[in-house]
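Structural overview
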There are 2 protein chains.
Amino acid sequence: MTMPPAANQPDRRSRKRLATRRTISAVADRLFFERGFDNVTVDEIAAAADVGRMTVFNHFARKEDMFFDRDEEGRESLRDALRQRDPSVPPVEALRLLAHQLVREQAPYLEFSARSESFIETVKGSETLKARARAIRGELETLVAGALAECVGRDLNDPDAHLAAGLLLASWTVAFIQAHRTFHETRDSDKATALFLALIDKGAIGATAAMAGTPYA
Amino acid sequence: MTMPPAANQPDRRSRKRLATRRTISAVADRLFFERGFDNVTVDEIAAAADVGRMTVFNHFARKEDMFFDRDEEGRESLRDALRQRDPSVPPVEALRLLAHQLVREQAPYLEFSARSESFIETVKGSETLKARARAIRGELETLVAGALAECVGRDLNDPDAHLAAGLLLASWTVAFIQAHRTFHETRDSDKATALFLALIDKGAIGATAAMAGTPYA
DNA sequence: TCAATAAATGTACTCAGTACAAAATTATAT
DNA sequence: ATATAATTTTGTACTGAGTACATTTATTGA
């Protein structure tokens, strides 16, 4: 049985900070799911979490950041997949394999179930959240482009790297949305998973063909 | 010499409305280019255009709409290219040809010159404008997906249509950005044009490969 | 216990966008 | 022409996110 760290341990500060952050996030998420993102004000969140309004913005620069708080994991997955890949497998193929692996291990929001369904529905119900989702996609695209270029020792601005990243992110996004739509309509999680992987694979075929003659495929 | 239409013509109303709209748009654009989108308030625009603040929002639902006011033309080009295509040329190829044609006829922002450069720079300087650009891209993607599905008589939700649209829009976006970046760095408009078309063609190869076995290619 | 540091909070502000009503303008029918 | 209807313009007052800055409160290390 693990004891809680002694109260006088030098980082009670960090622990308290993390605790209030998590409280705010949890309270906010509950309200967002219950009533829709745009129908919840930051004042309400602060009140419900029993903190000052400024404390909310102290922990989350944007209201949307209380909702999307796992995108860092996605970034790491993408970086790792490209950095730690077997050099004999082309970068584009490495990302295809990553998609398959993430589905296998039921990564967050890649399990097609009621759980992630409410997440998706909440996003679909808010222009603000959709805008933030598009922005995150853009950040991931830049990250992938950079990682691809680094992989093969090219310049960060290499147009081919950006094209490959653009095509891959497009595949992932379409696969994600279409699979969730399919689950929403049929409630068949196997069917959704199959569609997701089929679209990922078609996209990878496309990206590979587009990258013929480059080191990316 | 053309005379102005008689003042008592029944649609002076529409003409006046259009006139104030154009005044607002012109004044706003000048301010945006001069000082950056985010450094200009709607109040300033209203004052500079000598209209009430509400009039601005009467004509433009969002501040960004004063800047992006030509996206309807793009929509029409895309629709027409797919509707009026020779049935022997596959939809994906029809869109590739459209890109080449638009560059040939120096469509707005597909001429790589100082003119469009300031446009791009203004967008790059504003998170708000970048967000709106991403949203417009999303709308175009939905439009292309629908037009593609219609083309071949499939359902509007056909996942293949969405994948094709996603891949194509990704190519167009990357081509657009990389070509403008190249012009910005080299001031060589021929080089920018060549890069734009090369990326469009690579993207089309990718989309065609991804769509193998479907009616879209 | 005291001084330094960092977190939480309060106050007051800016700005985009909305709701609603009133005023001004233009069109239409008699 | 003139009354009336329709539309555009405008003003007022509001909401809500986000920021600047100062202050208080809690934690840390000496």
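Here the structure is a predicted model, which means the values were calculated and not measured. (Residues numbered from 1 in each chain as written. Chains lettered and ligands numbered in written order. Predicted model: local features only at pLDDT ≥ 70, side-chain atom pairs only at ≥ 80, totals over all residues. Heavy atoms only, no water.)

A few points about the interface of chain A and chain B
Rules: Here a residue-residue contact requires only that any non-hydrogen atoms of the pair lie within 4.5 Å. Accessible area, probed at 1.4 Å, shrinks when two parts are joined; the buried area is that loss added up over both. The working definition used for a salt bridge is a side-chain nitrogen of Lys or Arg within 4 Å of a carboxyl oxygen of Asp or Glu. Here a polar contact is taken to be a pair of N or O atoms separated by no more than 3.5 Å, where protein atoms must pair a possible hydrogen donor with a possible acceptor and residues adjacent in sequence count only if both atoms sit in side chains.
Each partner contributes residues to the interface: chain A has 26 residues there, and chain B has 26 residues. Approximately 2200 Å² of surface area, both sides summed, lies buried where chain A meets chain B, with 65% of it carried by carbon and sulfur atoms. Sorting the residues of chain A by area buried against chain B places Arg134(A), Leu163(A) and Lys202(A) first, and these three jointly supply 23% of that buried surface. A salt bridge links Asp160(B) to Lys202(A), with the shortest nitrogen-to-oxygen separation between them at 2.7 Å. In this structure, the connection of chain A to chain B is made through 4 residue pairs in polar contact (both at pLDDT 80 or more).

Here's the deal with the protein's contact with DNA strand D
Which entries qualify depends on this criterion: Put simply, a residue is near a molecule or strand once any heavy atom of it comes within 4 Å of that molecule or strand. Note on conventions: DSSP H or I runs of at least 4 residues are helices, E runs of at least 2 residues are strands, and numbering of each starts at the N terminus. When residues are sorted by character, Ala, Val, Leu, Ile, Met, Phe, Trp, Tyr, Cys and Pro go into the nonpolar class, Asp, Glu, Lys and Arg into the charged class, and all the rest, Gly among them, into the polar class.
The full set close to DNA strand D counts 24 residues, and Arg12(A), Arg13(A), Lys16(A), Arg53(A) and Thr55(B) are the nearest of them. Looking at DNA strand D alone, sugar and phosphate atoms form 62% of those within 4 Å of the protein. Here Arg12(A) contributes a backbone N or O atom positioned 2.5 Å from a phosphate oxygen of DNA strand D. Here Thr55(B) contributes a side-chain N or O atom positioned 2.4 Å from a phosphate oxygen of DNA strand D. Counting residues per element, the ones that place at least two in the surface near DNA strand D are helix H1 (12–35) and helix H3 (53–59) of chain A together with helix H1 (12–35) and helix H3 (53–59) of chain B. Here the surface near DNA strand D takes 4 residues from H3(B), the largest share from any one element. A per-class count over the surface near DNA strand D returns 7 nonpolar, 7 polar and 10 charged.

Regarding the relation of the copies chain A and chain B
The condition that has to hold: Residues below a pLDDT of 70 in either copy are left out; the C-alpha atoms of the rest, at least 70 in both, set the least-squares superposition of the copies.
Its rotation angle being 180 degrees, the transformation that places chain A on chain B also includes 0.0 Å of axial translation and leaves an RMSD of 0.0 Å. In the structure described here, the two chain copies are related by an operation that fits a two-fold rotation axis. Among all residues of chain A, the minimum C-alpha distance to the rotation axis is found for Gly206(A), at 2.0 Å. Interface residue correspondence from chain A to chain B reaches 100%, placing this contact among same-surface, isologous pairings.

Looking at the domain arrangement of chain A
Residue and element names in this part refer to chain A. What counts is decided by this rule: Note that domain bounds follow an automatic or database assignment of domains.
You can read the domains of chain A as domain 1 (12–64) and domain 2 (71–210). Taking the mean C-alpha position of each, domain 1 and domain 2 sit 28 Å from one another. With 6 residues of domain 1 at the contact, the number on the domain 2 side is 9 residues. Interface area for domain 1 against domain 2, summed over the two sides, is near 650 Å², with a carbon-plus-sulfur share of 63%. Together, Phe33, Phe37 and Glu64 form the three largest contributors to the area buried by domain 1 at its contact with domain 2, with a combined 67%. Viewed at the interface, domain 2 and domain 1 are joined by 0 salt bridges. The interface formed by domain 1 and domain 2 includes 2 residue pairs in polar contact (both at pLDDT 80 or more). Within the side of domain 1 that touches domain 2, the residues separate by chemical class into 3 nonpolar, no polar and 3 charged.

Considering the UniProt feature "domain: HTH tetR-type" (unreviewed entry) in chain A
Worth spelling out the cut-off: UniProt positions are given in the numbering used here, feature names are shortened, and annotations may be inferred rather than shown by experiment.
Summarizing the sequence annotation, UniProt attributes the feature "domain: HTH tetR-type" (unreviewed entry) to residues 18–78 of chain A in the numbering used throughout. Spanning residues 18–78 of chain A, this segment combines 67% helix with 0% strand, and its end C-alpha atoms are found 26 Å apart.

Details of the environment of Arg132(A)
All names here are of chain A. We apply this condition: Using a 1.4 Å probe on the protein chains alone, a residue whose accessible area is under 20% of its type maximum counts as buried, one over 50% counts as exposed, and one in between counts as partly exposed.
Its place among the elements puts Arg132 in helix H7 (residues 127–151). With relative accessibility at 10%, the residue Arg132 sits in the buried group. Residues Arg132 and Arg62, spaced 70 residues apart in sequence, show a C-alpha to C-alpha distance of 9.9 Å. When residues no more than four places from it in sequence are discounted, the contact partners of Arg132 are Arg62, Glu64, Asp65, Phe68 and Glu139. Within the local environment of Arg132, its side chain forms a polar contact with the side chain of Glu139, the two groups lying 3.5 Å apart.

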